[in-house]
Amino acid sequence: MADEKAPSYEQAREELTEVVRRLETGGLTLEQSIELWERGEKLAAVCEEWLQGARVKLAAAMARRAEPAQGSDDAPF
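Note that this is a predicted model, so its numbers are computed, not measured.

What counts, and where the lines are drawn
- Residues numbered from 1 in each chain as written.
- Predicted model: local features only at pLDDT ≥ 70, side-chain atom pairs only at ≥ 80, totals over all residues.
- Heavy atoms only, no water.
- Helix = DSSP H or I, 4+ residues; strand = E, 2+ residues; numbered from the N terminus.
- Buried < 20%, exposed > 50% of the residue type's maximum accessible area, 1.4 Å probe, protein only.
- Contact = heavy atoms within 4.5 Å.
- Areas by Shrake-Rupley, 256 points an atom, 1.4 Å probe, with all protein chains shown as cover.
- Salt bridge = Lys/Arg side-chain N within 4 Å of Asp/Glu carboxyl O.
- Core = buried A, V, L, I, M, F, W, Y, C linked by side-chain atoms within 4.5 Å.
- Patch = residues over 30% accessible without salt bridge, like charges linked within 9 Å, V, L, I, M, F, W, Y side chains within 5 Å.
- Lys, Arg positive; Asp, Glu negative; His and termini not counted.
- Charge placed at Lys NZ, Arg CZ, Asp CG, Glu CD.
- Expected span 1.5 Å × (residues − 1).

A.B. asks: Just to check I follow, could you spell out the overall build of the protein chain for this structure?
C.D. replies: If you tally the helices and strands in the protein chain, you get 2 helices and 0 strands. Buried residues in the protein chain amount to 10% of all 77 residues. Restricting the contact set of the protein chain to residue pairs at least 6 apart, pairs at least 24 apart contribute 63%. Summed over its atoms, the accessible surface of the protein chain is roughly 6500 Å², and 56% of this surface lies on carbon and sulfur atoms.

Shown next, in the form of structure tokens:
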């Protein structure tokens, strides 16, 4: 997977959902189940990276929004 482009959050989430569905359905060999589990772990990590990035961006936006309120004592009105 090192050569593959990382999927978007939505792509990773959709594929992860499919992996879970296939694992829950059963009827797989142990080897197939392990391969799917490993793929699911990778996809979950991709989703977590996307979500962590979103948290950082949200925190930065909230901090920028709070800054003007702190300096409002200098406002002419």
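A.B. asks: Looking at this structure, I do not really get the pattern of salt bridges. What am I missing?
C.D. replies: Oppositely charged side chains can form a pair if their charged atoms are brought close together. As enumerated under the stated definition, the model contains 3 salt bridges in all. The salt bridge involving arginine 39 is made with glutamate 15; its shortest N-O contact spans 2.8 Å. Remark: glutamate 15 occurs in helix 1 (residues 9–25) and arginine 39 occurs in helix 2 (residues 30–70); sequence separation between them is 24 residues. A salt bridge links arginine 21 to glutamate 18; its shortest N-O distance comes to 2.5 Å. Placement of the pair is arginine 21 and glutamate 18 together in helix 1, with a separation of 3 residues, close to one helical turn. A relative accessible area of 43% means that arginine 21 is categorised as partly exposed. Exposure remark for glutamate 18: the relative accessible area of 34% places this residue in the partly exposed category.

A.B. asks: Sorry if this is basic, but what is going on with the nonpolar core here?
C.D. replies: In summary, soluble globular proteins display a tendency toward joint burial of nonpolar side chains. Ala12, Val19, Leu36, Leu43, Val46 and Cys47 form the largest nonpolar core, which has 6 residues in total. When contributions to this core are tallied by element, the ones reaching two or more residues are helix 1 and helix 2. Those residues in contact with cysteine 47, other than ones at most four positions away along the chain, are Tyr9, Ala12 and Arg13.

A.B. asks: Could you clarify how one ought to interpret a negative patch on the surface in this entry?
C.D. replies: Together, Glu31, Glu35, Glu38 and Glu41 give the surface a local cluster of negative charge. Looking at where glutamate 41 falls in the secondary structure, it is placed in helix 2.

A.B. asks: Can you help me understand the environment of proline 7 in this one?
C.D. replies: Summarising the element assignment, proline 7 is placed in the segment before helix 1. Between the alpha carbons of proline 7 and cysteine 47 there is a distance of 9.1 Å; along the sequence they are 40 residues apart.

A.B. asks: Just to check I follow, could you spell out helix 1 for this structure?
C.D. replies: An α-helical turn contains 3.6 residues, so a residue and the one three or four places further along point in the same direction. Counted at 1.5 Å a residue, the expected span for helix 1 with its 17 residues is 24 Å, and the 24 Å between its end C-alpha atoms agrees. At the C-terminal side of helix 1, glycine 26 shows a positive phi close to 80 degrees.

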